[in-house]
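The lines below spell out each chain.
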Amino acid sequence: ASLCPATVFHCRAFCSTPSEPDPIDIHKRKLFLWFSHLPQEEKQFGGYFSPETMHVDPLILERNPEERLGLLSPCLQTQNSSFPSVTVEQLFEPTDAWSEDRGINVLLYGAVGTGKSTVIRKLVLDWCTGTTLANFKLLVPFSCEDLNQLSKMASLRDLVSRKYLHLKKHPLLSGEGSQAKDVLFLFNGMEKIQLDFRIGSTELCSDPNEALLPGVVVVNLLRKYLLPEASILVTTRLSALDRIPQKYISRYAQICGFTDPDRQRAYFTSRLLQQSGKTAHNQEAQALIELLYLSLQRESQLAAACFLPSYCWLTCATLHFLHFTSINAPIRTLTGIYTSFLRLNFGGEVLGTGAGTNVPIQGHHSSLMLYVVRTVGKLAFDGVTYKRTSFSERELEQWIGGKTKTDEELRQLAMFRTDVLDFFLAPCVGNDKYLSQDLSENDERRYVFAVPAMQEYLAALYMVLGENKSALEKLTRQVSMAIGQATEDVNALMNILSKFIPLRIFAIFNLLKLFPKLFEKISSRNKGSIARTMAAEMFRTEDSYNEDVLDQVEQSLLGVHGPQPKQYSEGQPFELYPIFMGGLLHYGNRVLLQQLGCSIQSSTVAQITLALRKYLVRELSKPQPPEELMDLLVLLYEFQNPRLTAEVLASIRAIRLTNIRMTPIKCFVLSTVLSCTPPSYHLEELDLSSCLLTHDMLQMLWPAFRHTHNLNLSLFHDALVNVTIACTEMFHHSNVSSRLCDNPLLDSGAHTLLESLPKNQSLTHLSLMHTGLGDKGALELAERLQQHTGLQELNVAYNNIGDNAALTLVDACREHPSIHTVHLYLNPLSDVGKKSLYVRGVLRGHGGSGRHVKVLASVTEGSDISEDWHPILSVIRENASSWDHKRIKQQLKVFLTDLEWGRQQQQSFWKRLHFRKVEKGVKQTLQMLEKDTPSKRYHK
């Protein structure tokens, strides 16, 4: 995180009071308060962090002045390095060349993202608490960006009192004697201020009370002409090393980031284990850390990226988003995380002209982030367009700075390459399976984006900002704006002249108004093409059966442990690309991008949204696999536009997410998206079967259940107690049909579940198939059925229910006012029991009070074929992979016995032929189970 001048250094609101006489104590207390402030981006972790608990020291190496320029590569191999590792405090220890009358000037430099500002923050906090730099009585931090904004002349003491009023007229800054030896000045971000060390341009000054320009004051401090006994710590980027002549620097030190996996692991541990004290969360966090450590030890691309602490932050933020999303935490999006990441590293940054120029830095207001989009973003967009993730040095030269012409552009390019380019691109490690043969044959060094998702984010930003326009389109826009502005002035003049000289020739100037209107129509068509691109990339046929996009993000960080997921597309899938495009249109992200100098107009968002709704509704009219539906929900969530979400979901009547590996964030996405719909909206079906749901996930999904008629929750992942609680809570929601199949309720769980059954009178279809009810649960269900008057169909198949309990349950259903069908197949029923059930279901009770109830106990009903034999076999085939094969085979053989007996009772040839047809279907199902043995299922 960067030091924000607005909150850290601009401290005029605080002032000392007479009751606190020691200015140094006041200074320490206030510095500690200011530097303890965490950026807004840190609050997304839940607010459990502090600078003390989350800080991990990056590697700092001292450099020889003669060799510093040849060692700027961020990918430093510390194992072979002869330079010692040091701390900032050790850099100010006296050396042989040190003299008491001269302080030490230390230049601390490093690439973007290596942790310079974080080191400075921790250094100031430790000085305030007395744990470091105790030999300095006074530490005075300055932001060079803040100093560069000052246009008025001021003395050193005025500069100090302007920022720290309690230090006004402090004797340590008077310049008398050698008191200044106890003072340490800290100048953070020296590349943001213009320093001129030429004698003819910067006058010499030794008086701390003389008013000078801020840059002149800093130069005289570094020259040791002003307060020579004081020590100075300066931080800067690689490109600004030569702005201070070597003779004015006592020691050089380079921040190298986290160059070994152990430092990276310590950082991940300090972040991910700082949860709210929940044991389950900490266990999951520990497992994530172990997976990350394994990935780092394999020398993966992630390890190459995480030598920068900034990318360690991005990794932790992404994993926290994927695994620890809570319904009580503020809403976060993946796009928002990446936008915040860029704001932390590039907020307020401008692209200066570099060393060797006399043009003031404040005269250049070219946004550094906008320059990144137009260069690196263009490279990313080209890679996404042609499905490429790696680039050669020749391609980097072509896309980044290939058209520079002027000296200023060349200087900007040199600064960009030195400071920023390595932040986004890193040498490719290992073999990229998506490299094309013709490119990899040359065996040249190739570069990839440090984090794969960053390529898709920058490509999306490049597209949304309209930077993919041709030169003619950009010129047309500029001409249109110029004509539009000139038209107002010309029309005003012509209106005045026409009152004196009413010539019709003046009407020709009205034609000028046509050009801006024509451009506006062309522009709206361009925004429509952006929406069309989003929809086309969302529903690419070759990516339809890949893992859902959130699983892909997780796999890119943690790797794949176990069988590799199926990859149906030949090239690299870029499924985050359209999702990032949607997320960038969200107002919160547009505000952050505005701070970075990248403006997305509201009119642009409105035009894209209008066209996007049409394209999404058109695509959703076609059947979509569960993975594509999950990606669509993520897109709508990232967009954060309730109106668009409601209009798109209005065209969806069923959401089938079967076999999707549900996680807390996916459940939160589903619940949030469905909450955007009006109360009258209802899904015909919400299928969450085999989704490995837990009780915590179901708590997130309760709002979504209110919009559902038919709910399928087969195959929970949680333990027996949590399944029972989850199913019990589910009955509080108004679902017409609920399927709780394949969940181990057993008798104890069934008791709790059935107690809550009357709470949902709107329930009409209840499936408790393969839930382990047993006789006790069936009998209790029979007792409680009368309390639920709206139930129409009950499925208790495959539940180890015997004859007596089944007969009691059927009798209770006959007395029920609305139940018409009971499923009892795959239960251990005797032949006599099944015949009795059939008779009980058909015949009325004593006095004619009973109702007719269809009982599905087998593929036969007495001596006839059951009308529902085909659905029964279909249910067995669909669930065979998760059921006990031995028991199912036994039941199928019983079906064959029933069919053979029924066929022998038939006189009609056609009926016997029908029995043969059903027998064939049962035998085919039996053969399928014989082939699909447990060992074969394991290998699959």
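Residues numbered from 1 in each chain as written. Predicted model: local features only at pLDDT ≥ 70, side-chain atom pairs only at ≥ 80, totals over all residues. Heavy atoms only, no water.

Draft legend 1. Broad picture of the overall build of the protein. The number of helices and strands found in the protein is 38 helices and 19 strands. Expressed as a percentage of its 940 residues, the buried residues of the protein come to 54%. Once local pairs closer than 6 in sequence are excluded, the contacts in the protein between residues at least 24 apart make up 78%. As presented, the protein carries roughly 42,100 Å² of accessible surface, and 52% of it is formed by carbon and sulfur atoms. (Helix = DSSP H or I, 4+ residues; strand = E, 2+ residues; numbered from the N terminus. Buried < 20%, exposed > 50% of the residue type's maximum accessible area, 1.4 Å probe, protein only. Contact = heavy atoms within 4.5 Å. Areas by Shrake-Rupley, 256 points an atom, 1.4 Å probe, with all protein chains shown as cover.)

Draft legend 2. View of the sheet that holds strand S9 (residues 446–449). If you trace the three strands from one edge of the open sheet to the other, you get S7-S9-S8, paired in antiparallel fashion. Strand pairing shows two members of the sheet lacking a second neighbour, strand S7 (390–392) and strand S8 (425–427), which therefore form its edges. Direction aside, neighbouring strands of the sheet carry axes that sit 40 degrees apart on average. (Pairing = 2+ DSSP bridges. Axes fitted to C-alpha atoms, helices over the stretch in contact; angles between N-to-C directions.)

Draft legend 3. Up close: the packing of aromatic side chains. Under the counting rule described, the total for this entry stands at 24 aromatic pairs. Arranged with centres 5.7 Å apart and planes meeting at 85 degrees, the rings of Phe92 and Phe136 form a pair that is edge-to-face. Of the two residues, Phe92 sits in the loop between helix H4 (88–91) and strand S2 (105–109) while Phe136 sits in the loop between helix H5 (116–129) and strand S3 (138–143), which places them 44 residues apart along the sequence. Classification of Phe92 by relative accessible area gives buried; the value is 5%. For Phe136, a relative accessible area of 5% corresponds to the buried category. Sitting over the ring of Tyr293, Arg265 keeps its end group 4.4 Å from the ring centre. Positioned above the aromatic ring of Trp901 is the side chain of Lys835, whose terminal nitrogen or guanidinium carbon lies 4.5 Å from the ring centre. (Phe/Tyr/Trp six-rings, centres within 6.5 Å; stacked < 30°, edge-to-face > 60°. Lys NZ or Arg CZ within 6 Å of the ring centre and 35° of its normal.)

Draft legend 4. Inspection of the sheet that holds strand S6 (residues 251–257) at higher detail. If you walk across this open sheet you meet the six strands as S1-S6-S2-S5-S4-S3, and the pairing is mixed. The open sheet is flanked by strand S1 (59–63) and S3, the only strands paired with a single partner. Going across the sheet, the axis of each strand differs from the next one's by a mean of 20 degrees, ignoring polarity. Sheet topology places S2 next to S6; four bridges connect them, and they run parallel. Looking across to S6, one finds that Tyr109 is bridged to Gln254.

Draft legend 5. Region of the structure containing the packing of helix H35 (residues 869–879) against helix H37 (residues 909–931). Direction vectors running N to C along H35 and H37 enclose 5 degrees, while the axes themselves pass 10 Å from each other. The orientation of H35 with respect to H37, classified from their angle, is roughly parallel. Where H35 approaches H37, its residues Trp869, Leu873, Ile876 and Arg877 are matched on the opposing element by His914, Val918, Gly921, Val922, Thr925 and Met928. (Parallel < 35°, antiparallel > 145°, perpendicular 65-115°, else oblique.)

Draft legend 6. Expanded view of the nonpolar core. The biggest cluster of nonpolar side chains holds 139 residues, and the ones touching the most others in it are Phe424 and Met454. For this core, the element with the most residues is helix H14 (residues 368–385), which contributes eleven residues. Counting 72 residues, the second-largest nonpolar core is a separate cluster that includes Val140, Leu173, Ala230 and Ile244. (Core = buried A, V, L, I, M, F, W, Y, C linked by side-chain atoms within 4.5 Å.)

Draft legend 7. Inspection of the pattern of salt bridges at higher detail. Tallied over the entire structure, the rule returns 27 salt bridges. When the shortest N-O distance is used, the salt bridge between Glu191 and Arg237 registers 3.8 Å. You can see Glu191 sitting in the loop between strand S4 (183–188) and helix H8 (214–222) and its partner Arg237 sitting in the loop between strand S5 (231–236) and S6, a full 46 residues away along the chain. On the basis of relative accessible area, Arg237 is assigned to the buried category, the value being 8%. (Salt bridge = Lys/Arg side-chain N within 4 Å of Asp/Glu carboxyl O.)

Draft legend 8. Expanded view of the confidence of the model for the protein. Looking at the protein, the pLDDT average stands at 78 and 74% of residues meet or exceed 70. Within the protein, the element-level pLDDT minimum falls on helix H38 (residues 934–939), averaging 38, and the maximum on S4, averaging 95. Across residues 1–18 the pLDDT falls below 50, and counting only partners more than four positions away or on other chains, this stretch makes 44 contacts in the model. In this model, residues 514–523 is a region of pLDDT below 50 whose contacts with residues beyond four sequence positions or in other chains number twelve contacts. (pLDDT = per-residue confidence, 0-100.)

Draft legend 9. Representation of the pairing of S3. Burial of S3 is extensive: six of the six residues sit out of reach of the surface. With burial as the criterion, each face of S3 is covered, one bearing Leu138, Val140 and Phe142 and the other bearing Leu139, Pro141 and Ser143. With six bridges connecting them, S3 and S4 associate as parallel partners. Along S4, the bridge assignment pairs Phe142 with Phe187.

Draft legend 10. Layout of H14. Given a rise of 1.5 Å per residue, 18 residues ought to cover 26 Å, and the 24 Å separating the end C-alpha atoms of H14 matches this to within 8%. The sharpest bend along H14 measures roughly 35 degrees and falls at Gly377. Across the 18 residues that make up H14, a large majority, 15, are buried. You can read the cap of H14 off the contacts: a side-chain oxygen lies 3.3 Å from the backbone nitrogen of Met369, and it is on Ser367. Of the residues trailing H14, Lys387 is marked for its positive phi of about 55 degrees. (Expected span 1.5 Å × (residues − 1). Bend = angle between axes of the 7 residues up to and from the residue. Polar contact = N/O pair within 3.5 Å; in protein donor to acceptor, adjacent residues only side chain to side chain.)

Draft legend 11. Molecular detail of the packing of helix H32 (residues 774–784) against helix H33 (residues 803–815). Running from N to C, H32 and H33 point in directions that differ by 15 degrees, and their axes come no closer than 9 Å. Classified by the angle between their axes, H32 and H33 sit roughly parallel to one another. Our pair here, H32 against H33, has a crossing hand that is left-handed. The segment H32 lies against H33, with Asp775, Ala778, Leu779, Leu781 and Ala782 engaging Ala805, Thr808, Leu809 and Ala812. The residue makeup of the contact of H32 with H33, split by class, is seven nonpolar, one polar and one charged. (Left-handed = near helix turned anticlockwise from the far one by under 90°. Nonpolar A, V, L, I, M, F, W, Y, C, P; charged D, E, K, R; others polar.)

Draft legend 12. Up close: unusual backbone geometry. In the Ramachandran plot, Lys224 falls in the positive-phi region, its phi being about 65 degrees despite a non-glycine side chain. Relative to the elements of secondary structure, Lys224 occurs in the loop between H8 and S5. Looking at Lys224, the relative accessible area reads 8%, which means it is buried. Positive phi values are uncommon outside glycine, yet Ser690 reaches one of about 55 degrees. The partly exposed category is assigned to Ser690, whose relative accessible area is 24%.

Draft legend 13. Focus on the side chain of Ser174. Mapped onto the fold, Ser174 is located in the loop between helix H7 (156–163) and S4. For Ser174, a relative accessible area of 17% puts it in the buried group. One polar contact links the side chain of Ser174 to the main-chain carbonyl oxygen of Pro171, over a distance of 2.8 Å. Polar contacts involving the side chain of Ser174 include one to the main-chain amide nitrogen of Glu176, which spans 3.4 Å. Aside from chain neighbours lying at most four places away, what touches Ser174 is Arg157, Gln179 and Pro208.

Draft legend 14. Looking closely at the side chain of Thr333. Tracing the backbone through its elements, the reader meets Thr333 in the loop between helix H12 (309–323) and helix H13 (334–346). What makes Thr333 buried here is its relative accessible area of 8%. A distance of 2.9 Å separates a polar atom in the side chain of Thr333 from the backbone nitrogen of Gly336. If we ignore the near neighbours within four places in the chain, the residues touching Thr333 are Phe321, Asn589, Tyr637, Glu638 and Gln640.

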